[in-house]
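Structure at a glance
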4 protein chains.
Amino acid sequence: MSSIWNHNISVSIFGESHGPAIGVVLDNVPAGEYIDMDKLSKFMARRAPKKNKTSTQRREKDMPQIMSGFLNGKTTGTPLCAFINNTDTHSQDYKNISKLVRPGHADYTGALRYSGFNDVRGGGHFSGRLTAPLCFAGAVAAQILERRGIYTGAHILEVHGIKDDAIDSIIIDRDQIVKMRTAEFPVINEAKGAEMIKDIEKASSFGDSVGGIVECVSINVPAGIGSPIFEGLENSIASLIFGIPAVKGLEFGVGFNCARMLGSENNDEFFVNDAGHIVTRTNNHGGILGGISSGMPITLRVAFKPTPSISKPQQTVDMSEMKNETLNVKGRHDPCVVPRAVPVVEAAVNIALLSHMLDYPNF
Amino acid sequence: MSSIWNHNISVSIFGESHGPAIGVVLDNVPAGEYIDMDKLSKFMARRAPKKNKTSTQRREKDMPQIMSGFLNGKTTGTPLCAFINNTDTHSQDYKNISKLVRPGHADYTGALRYSGFNDVRGGGHFSGRLTAPLCFAGAVAAQILERRGIYTGAHILEVHGIKDDAIDSIIIDRDQIVKMRTAEFPVINEAKGAEMIKDIEKASSFGDSVGGIVECVSINVPAGIGSPIFEGLENSIASLIFGIPAVKGLEFGVGFNCARMLGSENNDEFFVNDAGHIVTRTNNHGGILGGISSGMPITLRVAFKPTPSISKPQQTVDMSEMKNETLNVKGRHDPCVVPRAVPVVEAAVNIALLSHMLDYPNF
Amino acid sequence: MSSIWNHNISVSIFGESHGPAIGVVLDNVPAGEYIDMDKLSKFMARRAPKKNKTSTQRREKDMPQIMSGFLNGKTTGTPLCAFINNTDTHSQDYKNISKLVRPGHADYTGALRYSGFNDVRGGGHFSGRLTAPLCFAGAVAAQILERRGIYTGAHILEVHGIKDDAIDSIIIDRDQIVKMRTAEFPVINEAKGAEMIKDIEKASSFGDSVGGIVECVSINVPAGIGSPIFEGLENSIASLIFGIPAVKGLEFGVGFNCARMLGSENNDEFFVNDAGHIVTRTNNHGGILGGISSGMPITLRVAFKPTPSISKPQQTVDMSEMKNETLNVKGRHDPCVVPRAVPVVEAAVNIALLSHMLDYPNF
Amino acid sequence: MSSIWNHNISVSIFGESHGPAIGVVLDNVPAGEYIDMDKLSKFMARRAPKKNKTSTQRREKDMPQIMSGFLNGKTTGTPLCAFINNTDTHSQDYKNISKLVRPGHADYTGALRYSGFNDVRGGGHFSGRLTAPLCFAGAVAAQILERRGIYTGAHILEVHGIKDDAIDSIIIDRDQIVKMRTAEFPVINEAKGAEMIKDIEKASSFGDSVGGIVECVSINVPAGIGSPIFEGLENSIASLIFGIPAVKGLEFGVGFNCARMLGSENNDEFFVNDAGHIVTRTNNHGGILGGISSGMPITLRVAFKPTPSISKPQQTVDMSEMKNETLNVKGRHDPCVVPRAVPVVEAAVNIALLSHMLDYPNF
């Protein structure tokens, strides 16, 4: 199904950017899990448009209302449905979109896929706004996992070629993850972050946009979850990550750099540590071997393309008349989706991990 | 399910490296499709160990026997099962593996996942040998797709930092794809290929291994297949690609390079071409927008880590006694999996495309 | 997943009887299908509590609000979500339920399944009220199917041993089906219907309830949809029908009566009719052979148990104190669910048929 | 997918009656489960043709060869694949089938579904022979469940109107179940069994066949497995049972008889028994409430139609020439499938129960 992720838990996402509401149904979430709504709101707020020039000027509360599966502050075990009303919609900004297909956007492909019947206002079901219900799901999953010690955090690794320091997964701990997540602009190296903000604002001032990379880590995932072949942790995470608009690449551990390495460099040697646990000295494998967690931190990086909606004039096609035209995109758009994508990547990883954890004997 | 890929078609893979047989069941393949067994054998042969020093010295016919779903040279529409006998197994090479976990391998994680009951001989169900049934499935899919004009081909883009020329997806055609696929060592730039072979042999002579990247392209995929969110072409392809052992990364179109680009550079402008079709001038998007094919060639790259089984001594752990040990891996191993992985990547892409094509109205 | 039916289309049901809202997400519904909301409301109204003594005195508009997947009167092809607010809830009626488990109800089994965290008010997610979103889904499916000539209708075949005439599937036509569906109390033989109503009222007057059977027929389903083994029409219909609370049995064609027949009596002989079509003279097979439609009307019967919530005193257990107690159920309950179950059975059949029809080449 | 049952475990069935082999892949079976092959063979033998006149004269060893997922007598946790070679095939008996469609068979519907490309010899993938791999899967599941005290057994409740005594699920115990299963012709009342055999032989002597009912019970299923709506035990069992050829009906507990009962008769009152467990005095609900096990024995009945292949002349159609013809079926057929269907029903129930049990916290 297009908008349902089916695994041990399932995530069914619905809604269009300018319809009455968007939302999500989470099925098979464990019963009796306390969900701190304040904490959940903070997670959602990290995805909401920023109050600075790095993001769209669209303002919405985006606070989810829970319609089912939740009673007295706890999950009931039956489907957990949340919806988010669409309130601040400016549909008139999109008037000329249905005819002129935006480069880099799904206007053209969506029109073919749905024979022109899909709601194109604000990107419709293809809008980045649909990551809000994904964040709700991820925020719920995160709370359930954190109660079991599993923490996931992400930061902006790169924006338009400007690089933050990479996560050192061997030494990162819970406090560093929590700190990274609470930043307004989540980077490890503040100076680099300032440089990125400046670059985004510059691109924005020219009516342009920039791409970047989000890096994510999960600690304390017990060894032994996931399966070989099609149900490895990588497969599950990938099937969610590629559900986030604008993603063009995903890598685990050293990722594409492994193409420049020898086996003797890349292999992570095992040893029994002082606590009597089997661990590896390095973490090139990113915490996953044969699709299964090794107990080492899970690390991954996600590439996001520059926001396709730029205000610079672009050559494109009028689908209804099949002729070439010049497009001037209006509407409010993020000059860079990466800052707002940080919690979305965390959400996807949390969902995958919770789903696999349900197979864990001592969950 | 661990070893079943469920989509419009399903692929169920079974077997262990040193068990009686490995195989695959393909469900919901269209009825009445002629399968040229000779052509299929040639596809399989591309994955088989090479007769040179770039791969394992293990020799097997690896020719699949079809057990069901096939009559008078055509698919019947009911489950298509093929199996491949394991004949040339040297299980004694693996005697010390069950105690000493191999770095970079799934020995440790698999033992935890299956409480020590999994068959570890030759990697068992985690073995790269399990890509043979995947190739069978992909070879069947390829023939069905090629009958409809859709051709997929891949080459070795990089080995241990040595780079082949990249595919130019704007100009590549069927003949170039077929030529690329028939090469003994599939590269575009022969000189670079020779350099790679030399590098692999060098690593091999030191008992080491190297990683690399496979680049793949599919042409003539009609615009409009795939869906937003969780059932995009990227999600489907990713869920299969990460089922190939040793994969650490996957990117589409410009991939991770989009993190260094402006929107105005990355967006592919549309225009109506001389034939009256809507196309893009550039193909940074790699043929997929919003999870849906644009009609442009689909391009992707897959990173493979260096073969973890190297003959250099490595530090590791004896799981049964929980103590640190030195491991000397025996057995026959590819010093680089990339050459043999080329058809496996094609297979995965063909399976995903055929599955999505079943939704196409004019299939 | 508990509350998602995954097939070519998927149906995700959420909500609890006394929560804020119940609803449904339909995924993969074809794009561009006009939905007549007035007609849809009439379908929903058939399931709503009747204004006579045969059903609960609970009164609710139960009119669904569409939140997504619908624009300008037509489906968009993206997830179609509908909400139904819960307004007329009397939760105080259920105060003693959480302690005393109601015989014949899911109070006991639900408490074990969800470790006591599930919402028990009004039956929670187990409530017959959750058939309202199923009816929404079925009403949408019915409109799409009727546009292609496929009509489904059901009637009350039996209530507490009083039998209506059976459907003659060989002669039934569209007009008879439409007429049957528009009746206040849908029976073929009005006299028998009057007798049933009297019997239900009598049982109700004693604080008791009665069971019954719904019989359903679908005409003009093209021959050749469905598949052998696990994806036959019977399997799909069964997986939905057993999702309706209170169902205890399901049979197709002659059903259990085939246990009293010879092969020569049961086999339906084929012949080429005057219109040049292959049909059968009799329809003991109920329109399905080998899981696949034969083109003959699809017939089935569903057994519903008497409403477990009766006001007669019953012996039961106080789970919290593990002691035997006497229960007096309060609250408003249908003395017989069968009349309101008629459109629910139709809904389930329409959903299954639409889903299989998506595989039909000329859909 | 047509021939894959996907749940916590999955069952993928392949093969045609007269192809090289039939078989099954079981995915996600727990690791480390000892499988007694002798016991498994005995289970399979119960489905094999009987050495008397109640069944086909086809003789096959039907002993499965395990190809994967099994080592040192135990499951490995990876896919368990078993093959059964087809040896005693008389394809010439089926020569005229491809033109004249057999009444009551899937010849006509299968030809439409697969555009005439399916293997029709011996019924191909529609053959009752495909229940052999289902029995393999069920026999494996049964051994895993019995180790946890869960026993399932079935008997012939009715053949051509002759009725055996019904199972008394309140008193039945493990010994009675085991005894029932070991009988050559599994009935409770031997006199009735003798009468049935006589009736089957009589029908056979006239070239005719008879239908019947199988009744099945499972004891010691813990309370609390299964889920509401679409993943109840009834839904799961139904989705498997309707995968058995010739099934026309399925009911749980009192089943269709509930249509003749009052709520006060049908409700099973709870009480705390001497052992301190919550149980019910009667078992009209058949061990399932709201889709979830109550801890009481699970009871169900399955109706099987008379074997459609009878040797009496029948009117039918020549599909290739679209004209009416008389058919004389040759080949070896069971005059009644019910005796051989007994272990098949048990197999289906065992598979469903094992799959749900994987969710049980203390499994």
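Here the structure is shown first, and the text comes after it.
Just so it is clear, the structure is predicted and the values come from calculations on it, not from any experiment.

**Some thoughts on the packing of helix H1 (residues 37-47) of chain A against helix H8 (residues 338-357) of chain A**
Residues and elements named next belong to chain A.
- For the pair H1 and H8, the least separation of the axes is 6 Å and the interaxial angle reads 130 degrees. As the angle between them shows, H1 and H8 are arranged oblique. Note on element contacts: H8 touches H1 through Arg340, Val342, Pro343, Val344, Glu346, Ala347 and Asn350, opposite Phe43, Arg46 and Arg47.
- Residue classes in the contact of H1 with H8 are distributed as five nonpolar, one polar and four charged.

**Let's talk about the packing of helix H1 (residues 37-47) of chain D against helix H3 (residues 131-146) of chain D**
Residue and element names in this part refer to chain D.
- Closest axis-to-axis distance for the H1/H3 pair is 9 Å, and the angle between their directions is 140 degrees. By the criterion of interaxial angle, the relationship of H1 to H3 is oblique. Handedness of the crossing formed by H1 with H3: right-handed. For the pair H1 and H3, the contacting residues are Lys39, Leu40, Phe43, Met44 and Arg47 in the first and Thr131, Ala132, Cys135, Phe136, Ala139, Val140, Ala142, Gln143 and Glu146 in the second.
- For the contact of H1 with H3, a count of residues per class yields nine nonpolar, two polar and three charged.

**Focus on the relation of the copies chain B and chain A**
- Aligned on chain A, chain B shows an RMSD of 0.0 Å; the corresponding rotation is 180 degrees and the shift along the axis is 0.0 Å. Taken together, the rotation angle and the small translation identify this as a two-fold axis.

**Concerning the relation of the copies chain D and chain B**
- With an RMSD of 0.0 Å, the operation that places chain D on chain B is a rotation of 180 degrees combined with a shift of 0.0 Å along the axis.
- Mapped onto chain B, 100% of the interface residues of chain D again fall at the interface, so both copies present the same surface.

**A word on the environment of Leu40(D)**
Residue and element names in this part refer to chain D.
- Examined against the element boundaries, Leu40 turns out to sit in helix H1.
- Exposure remark for Leu40: the relative accessible area of 1% places this residue in the buried category.
- For the pair Leu40 and Val210, spaced 170 residues apart in sequence, the C-alpha separation works out to 29 Å.
- In this structure Leu40 touches Ile35, Pro64, Phe136, Ala139, Val140 and Gln143, once residues within four positions along its chain are discounted.

Rules used in this analysis
Residues numbered from 1 in each chain as written. Chains lettered and ligands numbered in written order. Predicted model: local features only at pLDDT ≥ 70, side-chain atom pairs only at ≥ 80, totals over all residues. Heavy atoms only, no water. Axes fitted to C-alpha atoms, helices over the stretch in contact; angles between N-to-C directions. Helix = DSSP H or I, 4+ residues; strand = E, 2+ residues; numbered from the N terminus. Parallel < 35°, antiparallel > 145°, perpendicular 65-115°, else oblique. Contact = heavy atoms within 4.5 Å. Nonpolar A, V, L, I, M, F, W, Y, C, P; charged D, E, K, R; others polar. Left-handed = near helix turned anticlockwise from the far one by under 90°. Least-squares fit on C-alpha atoms with pLDDT ≥ 70 in both. Buried < 20%, exposed > 50% of the residue type's maximum accessible area, 1.4 Å probe, protein only.

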